[in-house]
Amino acid sequence: MAGDRSDGDTQARAQRLLPAMLATCMSAFVAAVVTAVNTGVDAAFALRWLKAWAIALPAAIVAVYLFRPLAWRMARLLAGAR
């Protein structure tokens, strides 16, 4: 049951899910911007955006988990860690 999970389990699960949530939000936003720039905003915009997002979302989720280790190392270097 969800109520039986310890706070540590919830924290670990949230850390595993965070990249996918970020990929979902970012891919939706980028797909909307690119669709608007390339085709304009009209009555059919939502359908075009959803089609573009349907392609972008799986790619974004794969990419976020694929590049997560590299991004973490780069962030630590930029932050001054060794």
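Anything mentioned here points back to the structure above.
The paragraphs below set out a description of the structure included in this document. In this text the structure is predicted, and so the values were computed from the model without any measurement.

Points about the side chain of Ser27
Relative to the helices and strands, Ser27 resides in helix α1 (residues 7-39). If near-sequence neighbours (up to four positions away) are discounted, Ser27 is found in contact with Trp53, Ala56, Leu57 and Ala60.

Quick word on the packing of α1 against helix α2 (residues 45-79)
Axis separation between α1 and α2 bottoms out at 7 Å; the angle between their running directions is 140 degrees. Taken as axis vectors, α1 and α2 run oblique relative to one another. As for the relative orientation of α1 and α2, their crossing is right-handed in sense.

Topic: the layout of surface pockets
Taken as a whole, the largest pocket encloses approximately 210 Å³ of empty space. Taken together, Gln15, Leu18, Pro19, Leu22, Val64, Phe67, Arg68, Ala71 and Trp72 make up the full set of residues lining the largest pocket. Where the lining of the largest pocket is concerned, the elements lending two or more residues are α1 and α2. Its residues assigned to classes, the lining of the largest pocket comprises seven nonpolar, one polar and one charged.

Observations regarding the pattern of salt bridges
Should their charged atoms come close, side chains of opposite charge can pair. Overall, the coordinates contain one salt bridge when judged by the stated rule. Salt-bridge contacts for Asp42 lead to Arg48; the nearest nitrogen and oxygen are separated by 3.0 Å. Classification of Arg48 as partly exposed rests on a relative accessible area of 24%.

Some thoughts on α1
Helix length check: α1 (33 residues) gives 46 Å between terminal C-alpha atoms against 48 Å at 1.5 Å per residue, within 8%. Helix geometry: α1 is bent most strongly at Leu17, by close to 35 degrees, with proline Pro19 lying one to four residues after it. Within the sequence span of α1, burial applies to Pro19, Ala20, Ala23, Ser27, Ala28, Ala31 and Thr35. Tucked into the core, α1 has its buried residues touching α2. Looking at the residues trailing α1, positive phi occurs at Gly40, about 85 degrees.

So, how was this worked out
Residues numbered from 1 in each chain as written. Predicted model: local features only at pLDDT ≥ 70, side-chain atom pairs only at ≥ 80, totals over all residues. Heavy atoms only, no water. Helix = DSSP H or I, 4+ residues; strand = E, 2+ residues; numbered from the N terminus. Contact = heavy atoms within 4.5 Å. Axes fitted to C-alpha atoms, helices over the stretch in contact; angles between N-to-C directions. Parallel < 35°, antiparallel > 145°, perpendicular 65-115°, else oblique. Left-handed = near helix turned anticlockwise from the far one by under 90°. 1 Å grid on protein atoms, 1.4 Å probe; cavity = no way out; pocket = protein on both sides within 12 Å on 5 of 7 lines; lining within 4 Å. Points joined across faces, edges and corners; volume = space filled by probe spheres on them. Nonpolar A, V, L, I, M, F, W, Y, C, P; charged D, E, K, R; others polar. Salt bridge = Lys/Arg side-chain N within 4 Å of Asp/Glu carboxyl O. Buried < 20%, exposed > 50% of the residue type's maximum accessible area, 1.4 Å probe, protein only. Expected span 1.5 Å × (residues − 1). Bend = angle between axes of the 7 residues up to and from the residue.

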